[in-house]
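Chain and residue survey
Given next are the chains, with one letter for each unit.
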Amino acid sequence: MADSAQAQKLVYLVTGGCGFLGEHVVRMLLQQEPQLRELRIFDLHLGPWLEELKTGPVQVTAIQGDVTQAHEVAAAVAGAHVVIHTAGLVDVFGKTSPETIHEVNVQGTRNVIEACVQTGTRFLVYTSSMEVVGPNIKGQPFYSKALAEQLVLEANGRKVLGGLPLVTCALRPTGIYGEGHQIMRDFYHQGLRLGGRLFRAIPASVEHGRVYVGNVAWMHVLVARELEHRAALMGGQVYFCYDNSPYKSYEDFNMEFLGPCGLRLVGTRPLLPYWLLLFLAALNVLLQWLLRPLLLYAPLLNPYTLAMANTTFTVSTDKARRHFGYEPLFSWEESRTRTIRWVQAVEGSAQ
Ligand SMILES: NC(=O)C1=CN([C@@H]2O[C@H](COP(=O)(O)OP(=O)(O)OC[C@H]3O[C@@H](n4cnc5c(N)ncnc54)[C@H](O)[C@@H]3O)[C@@H](O)[C@H]2O)C=CC1
Ligand SMILES: CC(C)[C@@H](O)CC[C@@H](C)[C@H]1CC[C@H]2[C@@H]3[C@H](O)CC4=CC(=O)CC[C@]4(C)[C@H]3CC[C@]12C
């Protein structure tokens, strides 16, 4: 009996499973997905925390690999029931060349799609970004995400090995926050260096939609589960990731977490005029270029981050609720508390 029950259980693959979002998806699957028999985690950089996951009832298989290498992807995909493809490069600080970003995001996604077709995996969930509908121009970090999303959606309905159709969909989070968010960590360290102060650079009126990483992970788990049963409705669809996090300026939102950790945002309006911020941002680009042979200089302020920080991001949709019953798993209060605890615990700033 156990064998037949075990036989009905499924193999999931998460690419980028050791990243900020990927780790939350992996942990959420282990907590919330009863159908799991094996969870494969495919990543260029495997985290040591994976070892702690191997003591549970689900077989956890860590695979060190590169999505730009088709054969490595095919070997990881073979036999998987569903692939959750989060591996990607989103570099808003100019650390990585546009060519590399394109290779990982576009060719890597193409490799995942082809691996599904060649090995017979029928369900593919892609982590896109709200940015794909932003003011993208060629060469911006998210242009390659838009191309990759298009590949995934166009692949919906392709026949996989065995003759059945591939079912794909894409999820579009906006700025994700929560435990493990590197930019939040950078802001905290910047504030500590400035004597517990951060200086306002963005008008408080510029509203930003942000979403808690646990709710983004939960949406991935739900979509991976429902994609088979609701293929006709969900196949080829995109879903924005949303929850009840409040709309605030990027800096004021960060202070929801950094304030309780002892930081203070100075100024009710930007301390420097926008033209001076533009000049400093351009200067940072020049410095990054001049210093590149010696070191990687990648400050928070550059023309792209300044433009993004001054762009209103809002999402008004309930499509995920209507299509597959999504409701945020974590309230705003829980999301805020978890994030504060992370900053306090990881950064040793417990009060
Ligand atoms: N962080 C955010 O605010 C948002 C992220 N996203 C998307 O979510 C996904 C995950 O983002 P994050 O967790 O923030 O990034 P991350 O950089 O923390 O995680 C990405 C993971 O992919 C892996 N990876 C990178 N290149 C690889 C390759 N060639 N082969 C195999 N693995 C590779 C990395 O090692 C890393 O573990 C990305 O696709 C990103 O575009 C979308 C919207 C917002
Ligand atoms: C120095 C200041 C200008 C400072 O405030 C810069 C902050 C900057 C790092 C962030 C400001 C806006 C952020 C982006 C925004 O939340 C939209 C996004 C959506 C995504 O899907 C991915 C992340 C991001 C591009 C996000 C990245 C960080 C900012 C640019």
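In the block above lies the structure referred to throughout.
All values derive from a computational prediction rather than experimental measurement.

Cut-offs used in this document
Residues numbered from 1 in each chain as written. Chains lettered and ligands numbered in written order. Predicted model: local features only at pLDDT ≥ 70, side-chain atom pairs only at ≥ 80, totals over all residues. Heavy atoms only, no water. Near = heavy atom within 4 Å. Polar contact = N/O pair within 3.5 Å; in protein donor to acceptor, adjacent residues only side chain to side chain. Areas by Shrake-Rupley, 256 points an atom, 1.4 Å probe, with all protein chains shown as cover. Helix = DSSP H or I, 4+ residues; strand = E, 2+ residues; numbered from the N terminus. Nonpolar A, V, L, I, M, F, W, Y, C, P; charged D, E, K, R; others polar. Contact = heavy atoms within 4.5 Å. Expected span 1.5 Å × (residues − 1). Buried < 20%, exposed > 50% of the residue type's maximum accessible area, 1.4 Å probe, protein only. Arc of directions from axis to C-beta. Core = buried A, V, L, I, M, F, W, Y, C linked by side-chain atoms within 4.5 Å.

**Section: the site of ligand 1**
Near ligand 1 lie 24 residues; those nearest to it are Leu21, Asp43, Asp66, Val90 and Lys145. Gly19 places a main-chain nitrogen or oxygen 3.1 Å from an oxygen atom of ligand 1. Residue Leu21 places a main-chain N or O atom 2.8 Å away from an oxygen atom belonging to ligand 1. Here ligand 1, which alone exposes 820 Å², has 84% of that area covered by the protein. Those elements that provide at least two residues to the shell around ligand 1 are helix 2 (20-32) and strand 7 (175-177). Tallied by class, the residues present in the shell around ligand 1 amount to ten nonpolar, eleven polar and three charged.

**Here's the deal with the environment of Met219**
Inspection of the secondary structure puts Met219 in helix 7 (residues 213-226). Counting along the chain gives 110 residues from Met219 to Leu329, while the straight-line C-alpha distance between them is 8.8 Å. In this view, Met219 contacts Leu171, Tyr239, Phe240, Cys241, Tyr242, Ala320, Phe324 and Tyr326; residues no more than four positions away in its chain are not counted.

**Topic: the site of ligand 2**
Around ligand 2 sit 18 residues in total, of which Ser129, Phe142, Pro173, Ile202 and His208 are the nearest. One nitrogen or oxygen atom from the side chain of Ser129 is found 2.7 Å from an oxygen atom belonging to ligand 2. A total of 620 Å² of accessible area belongs to ligand 2 in isolation, and the protein chains cover 92% of it. Of all the secondary structure elements, the ones that give two or more residues to the shell around ligand 2 are helix 6 (182-193), helix 9 (250-258) and helix 11 (303-309). A per-element tally of the shell around ligand 2 places helix 11 first, with three residues. Among the residues forming the shell around ligand 2, the class breakdown is eleven nonpolar, five polar and two charged.

**Some thoughts on helix 10 (residues 274-291)**
For helix 10, which comprises 18 residues, the first-to-last C-alpha distance of 25 Å matches the rise-based estimate of 26 Å (1.5 Å per residue) to within 8%. By the burial criterion, the buried members of helix 10 are Leu277, Ala281, Asn284 and Gln288. Buried residues of helix 10 fall within an arc of 50° about the axis and therefore sit on the same side. Away from its buried face by more than 90 degrees, helix 10 exposes Trp275 and Trp289. Looking at the buried residues of helix 10, the elements they touch are helix 11.

**Focus on the nonpolar core**
Core analysis: the biggest nonpolar cluster contains 73 residues, and Tyr12, Leu29, Leu39, Met219, Leu258 and Phe324 have the highest contact counts within it. The element that contributes the greatest number of residues to this core is helix 7, accounting for nine residues. Core analysis: the next-biggest nonpolar cluster, separate from the first, contains 26 residues, Val73, Ile113, Leu124 and Tyr126 among them.

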